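# Working through the structure, step by step
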Amino acid sequence: MFADLFAYFYQFADVFAFLVLSAAGLAVIFGMMGIINMAHGEFIMCGAYATTFAYHAGLPLPLAQACGAIVAGVIGIILEAVLIRPFYSRPLDSLLITWGLSLVVTQGTLIVLGSSMPGIGTPSGGFHIGEYGFSTYRMILFAAALCVLGFIYLLFKRTRFGVHARATMQNAGMAQALGVRRNRIYALTFGVGAALAGLCGALYAPTMTLIPTMGATFIVESFVTVVVGGANVLLGTAPAAVALAITRTALNGLYGQVFGQIGLLLAVVLIIRVLPEGFSGWLAKRAS
Amino acid sequence: MLHLLNGPQTMGNGRAFWACACLVLLAALIYPVFADPYDVGNFAYFLIWVFMALGLCLMWGYGGMLSFGQTFFFGIGGYAYGVLSVDLGSAYGMALGNFALAVLLAGVAAAILGYLMIYGRIGGVFFGIVTLAVTLALAYFLGQTAGPEWAIGKARLNGFNGMQGMSPLSLPWFGGDIDLEETPLYYFVLVLLVGTYLALRMLVNARFGNVLVALREDPQRTELLGYDVRRFQFGAFVIGSMLAAVSGVLYTAWGQFITPASIGLPAAAMPIVWVAFSGRSDLTAVLVGTFVLLAAFQTLTIYSEQAALILMGVILIVTVMFVPHGCFVGLGRIAAWLPRRGRTVRRPSAEVG
Amino acid sequence: MKRRSLLSGVAALPLFSIVGRHSALGADPIKIGLLEDISGDLAMMGLPKLHGSLLAVEEINGKGGIMGREIKLTHLDPQGDNARYQEFARRLLQRDKVDVLIGGITSASREAIRPIVDRMNALYFYTNQYEGGVCDGNMISVGAVPEQQLSTLIPWMVEKYGKRVYTIAADYNFGHLSAEWGRTILKPLNGQIVGEEFIPLGVSQFAQTIQNIQNAKPDWLYMLNVGAAQDSFFEQASAAGLHLPMGSPIKIMLGFEHKRFAPPALENMHASANWFEELDTPAANDFKKRWHAKYPKEPYINDMGYNAYVALYMYKMLVEGAKSTKKDAIRKVIDKGGACIDAPEGEICIDPKSQHTSHHMRLISVDAQHHVHVDKDFGTIQPYWLGQVGCDLTKFDPKEQFSPDHLPKKM
């Protein structure tokens, strides 16, 4: 009995972690900054590749993963300054820029680094409950997802940078007039988003095939989670991930992965139809 | 009626523009006389996709609704044409009947989806994500129809490998139908495209288009002026989606083949790229821009091997950085500004959030 | 007007093509059109295929071409996009007027090309192993098919590991048809399918599947997962402590997962292969040496690349037999039977009824250190299934794909 219950929880945790980790970076870049970042998957790929390089260079895995996140973040900050900055007033053009960027990055990686990379191998270690075997690493991913949610919340709610960032996103002119250094805030916020995307890649690198287009597997889930969450990502991402993870886990278990996938998409349609402002809009309305 | 061809919602209203347009059309009409049949067929193939882009231009550029669902209707049109063609045959002008039926079917689907979204007050990014979700769901669904149980009449959907066995479009003619391939197909698509383009110009310059642009700029204010905004959005969505289905039918008939890959990502993002690149706020820009971009991407892919995708990305980035509002809207404005003669119409800003 | 100038610009550009080293060969060159994905998702598979074709062209041209005519190979990169396959197949056939078309990776790309090839009555080589069943006089299939791979692999696995089988398949035609083949072959062996799961392409998370497998307690796994994303299964299963034996028609020699994943993710994987880089015969070693001399950075010579290489020699043999590049003359050579070449795997022949190729099949497995072992040599196996169910291209050309649940009408 307990084993079965835990098995359900494990499945849910697995899908939840995937949704949260893949959406976290996008929640900041798309949810807060309004940039339709089609290159989100490429930041994830960048994190995974950097992690793998660092690991093969001899770093222990957790350090290598930190490297992955940092590298993606730094690249994000540079790209923001060079490519993204002129487009805050034209968010739809950012879609083209980032799409172009994603083409250049995936193909560039293919040409420079080859069509695939030797993997890392998932850290071994598992545990048994009843007749089921579980991978410890998947539980670490779940914990990481919770930490990321907490980190985003604290960063943007409790720190000075976070308050400045939210003020800038709401009214850049006003924030600047009050002494906030707008460009720096934009760059750092974008960097945080890119680093979170890189972290997602870093965490999933040991469990996946490393190819230049690997980011594509994350992109639909990440956009869907962020949008269902609604305009206020600090409030919306977690309940959105919970709702979608429950739907998907149930359908996966009952009807297999195909209907899990289709069901997830139809659930998105249904949720938006019922809550046209997403979860955060609904929660805000209930609170007021 | 014809005076609506010119108006505030379209670029190129002067005599110079129409003279140029006539020249281009003339050149297009006599092109097959000089060209290799392959090039004519390839030319027709590019034109096939333009309908879908024009549809998106109407709903996104004019109506402010960013739809990721063009390939959804493209797929419905294409698969419907395939099924009808296999089951009903295509003799005695039936091919054109199947064409019309398939587009109509997509129109019904668009009406249902549009009603659910627009009358449910779904807007902004939510509109994009709902259309994307429906599109991907259709692609996944069709991808798993490999088994023989997935057949409509004699027509097997055949999963990821794609549906086959449909006939090309054909015109009924004395002494046997004419298959529309290569040059005949080219003329057919060209005529259809010119008709669609002119009809859309009249539509956007009529009251419908003016209200559409007004609600793109400020839905609340338009509503307060007494218009039922939703009716106009709904109309634009259905028309735009049916145009995507026209592309779908033409594509399927052209290659006698369609797969779910034409529906899912990255195919679903392509119309948005074409329209955004060309300049979403004008029909002419989208018409020319989509064609040029398609031809350019194909050419790059042929001549530059692995570098092709990189060059495409760079072209997009550079264009967006240096030519705001889209490449061909930008060019159009320069062209309108240069002579400083004729009517210069002050256009409303095309910024839509 | 812009359109005109653009198109004339296109015509003025030099055509990208790959011509072997310029030699004093007489007559017109033989034009070969090649379509392989070297960008996008499938680049990992497409690059070795391109390399195989280039190597074969270089060798053949170096030894005087085909009947003294040089081969001129034109390669286009469809980037994994079915629509591009259609555009480029037309371009190569209509505009470049190639004598033969080679290529395509997925079955969808093959099916995209086939209607075009059929309408233009051209000759086309498909160089991958696949789910089998295409009975089309315009197509010659070089790769292995289910009766060669699965009728050898599955009975062997049942005998060695047991009768309870769990199928994990990609949710598309290849997966469905191969799963069906599995059921058909298992039935007379009293095998039992204890679970069958179809996974959408692009899915990379397998926690649910792994748990279902643990529930069902199979003796071995029948792996038909496809693509880089789905390959993530191996890492995840290994991490969850699932160390069951596995059998597959596409792992090891095709996707070289044992080179891409850190050991022991692929431990206990079995496959039935006509070619794998670890094959240790004099002919194979010689071939590998030539390949690595030309492409020292190749991560693995997979069976697709090998088949692409073999296809050119096959074409050479056919043209020389027919003394012509005309499709009908070439088909007469096949019809007579005995259209064989000495390939690095051994002698292989084209079956007149189905225009598929016989292969020397071997059962291979991967150990915990990811070394490959040959467990059994099955000898040469004919592609007999299509002929058995009534496809006979020497008499009738239906241009259709058949499967156990979609058989040709008996004549």
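Residues numbered from 1 in each chain as written. Chains lettered and ligands numbered in written order. Predicted model: local features only at pLDDT ≥ 70, side-chain atom pairs only at ≥ 80, totals over all residues. Heavy atoms only, no water.

### Description of the overall build of chain C
Our working rule: The helix and strand labels rest on DSSP assignments: H or I over at least four residues marks a helix, E over at least two residues marks a strand, and numbering proceeds from the N terminus. For the radius of gyration, the atom set is restricted to C-alpha positions; the globular benchmark scales as 2.2 Å times the number of residues to the power 0.38. Each residue's exposure class comes from its accessible area (1.4 Å probe, protein chains only) as a fraction of the maximum for that residue type: buried when under 20%, exposed when over 50%, partly exposed otherwise. Each accessible area is a Shrake-Rupley estimate made with a 1.4 Å probe; only the visible protein chains count as cover when residues are assessed. Charge counting follows a simple rule: Lys and Arg are positive, Asp and Glu are negative, and His as well as the terminal groups are ignored. To locate a charge, take NZ of a lysine, CZ of an arginine, CG of an aspartate or CD of a glutamate.
Looking only at helices and strands, chain C features 14 helices and 17 strands. A globule of 411 residues ought to have a C-alpha radius of gyration of about 22 Å, and chain C, at 21 Å, matches this closely. Oriented by its inertia axes, the alpha-carbon framework of chain C measures out at about 65 × 50 × 50 Å. Here chain C, with 411 residues, has 66% of them falling under the buried criterion. Put simply, chain C shows about 13,700 Å² of open surface, and 54% of that area lies on carbon and sulfur atoms. Charged side chains of chain C number 45 positive and 47 negative; the gap between the two group centres comes to 7 Å.

### What to know about the nonpolar core
The condition that has to hold: Nine residue types can take part in a nonpolar core, namely buried Ala, Val, Leu, Ile, Met, Phe, Trp, Tyr and Cys, and a core is a set of them joined through side-chain atoms within 4.5 Å. Residue ranges for the domains originate in an automatic or database domain assignment. Any two residues having at least one pair of non-hydrogen atoms within 4.5 Å are treated as being in contact.
In this structure, B:Phe237, C:Phe125, C:Phe233, C:Tyr315 and C:Leu318 are the most contacted members of the largest nonpolar core, which totals 358 residues. Broken down by element, the residue count for this core peaks at 21 residues, all from helix H1 (residues 2–32) of chain A. Both of domain 1 (15–144 + 280–361 + 381–401) and domain 2 (147–248) of chain C provide at least three residues apiece to this core. Ignoring any residue separated from it by four or fewer positions in sequence, one finds B:Phe237 in contact with B:Met59, B:Met65, B:Ser67, B:Phe73, B:Ala110, B:Leu113, B:Gly114, B:Met117, B:Ile118 and B:Phe127.

### Here we look at the side chain of C:His370
Residues and elements named next belong to chain C. Its place among the elements puts His370 in the loop between strand S15 (359–366) and strand S16 (372–381). On the basis of relative accessible area, His370 is assigned to the buried category, the value being 7%. Aside from chain neighbours lying at most four places away, what touches His370 is His258, Phe261, Ala262, Pro263, Pro264, Ala265, Leu266 and Glu267.

### A word on the interface of chain C and chain B
Spelled out, the test is: Buried area: the accessible area, evaluated with a 1.4 Å probe, that two parts lose upon being put together, summed over both parts. Salt bridge, as used here, is a side-chain nitrogen of Lys or Arg placed within 4 Å of a carboxyl oxygen of Asp or Glu. Between N or O atoms, a polar contact is any pair within 3.5 Å; within protein, one atom must be a potential hydrogen donor and the other a potential acceptor, and residues adjacent in sequence are included only when both atoms are from side chains.
Across the contact, 47 residues belong to chain C and 45 residues belong to chain B. Of the roughly 4,500 Å² buried between chain C and chain B, counting both surfaces, carbon and sulfur atoms make up 57%. Taken together, chain C and chain B are joined by four salt bridges. Inspection of the region where chain C meets chain B yields 16 residue pairs in polar contact (both at pLDDT 80 or more). Secondary structure elements with two or more residues in the side of chain C that touches chain B: helix H1 (2–12), strand S3 (71–76), helix H3 (82–95), helix H4 (107–120) and helix H6 (173–186) of chain C.

### Remarks on a nonpolar patch on the surface
Defined as follows: Surface patches are defined over residues having more than 30% relative accessible area and no salt bridge, joining like charges when they lie within 9 Å and nonpolar side chains (Val, Leu, Ile, Met, Phe, Trp, Tyr) when within 5 Å.
On the surface, B:Leu25, B:Leu29, B:Ile30, B:Val33 and B:Phe34 cluster together into a nonpolar patch covering about 470 Å² of accessible area. Examined against the element boundaries, B:Phe34 turns out to sit in helix H1 (residues 15–34).

### Describing the interface of chain B and chain A
To be explicit about the condition: Residues are grouped as follows: nonpolar covers Ala, Val, Leu, Ile, Met, Phe, Trp, Tyr, Cys and Pro; charged covers Asp, Glu, Lys and Arg; every other residue, Gly included, is treated as polar.
If you look at the interface, chain B gives 40 residues, while chain A gives 40 residues. For the chain B face of the interface with chain A, the top three residues by lost area are B:Phe126, B:Ile129 and B:Val320, together amounting to 17%. One can count three residue pairs in polar contact (both at pLDDT 80 or more) joining chain B with chain A. When residues of the side of chain B that touches chain A are traced back to their parent elements, those giving at least two are helix H5 (124–143), helix H10 (270–278) and helix H12 (308–322) of chain B. Top contributing element to the side of chain B that touches chain A by residue count: H5(B), with ten residues. Residues belonging to the side of chain B that touches chain A are distributed by class as follows: 31 nonpolar, six polar and three charged.

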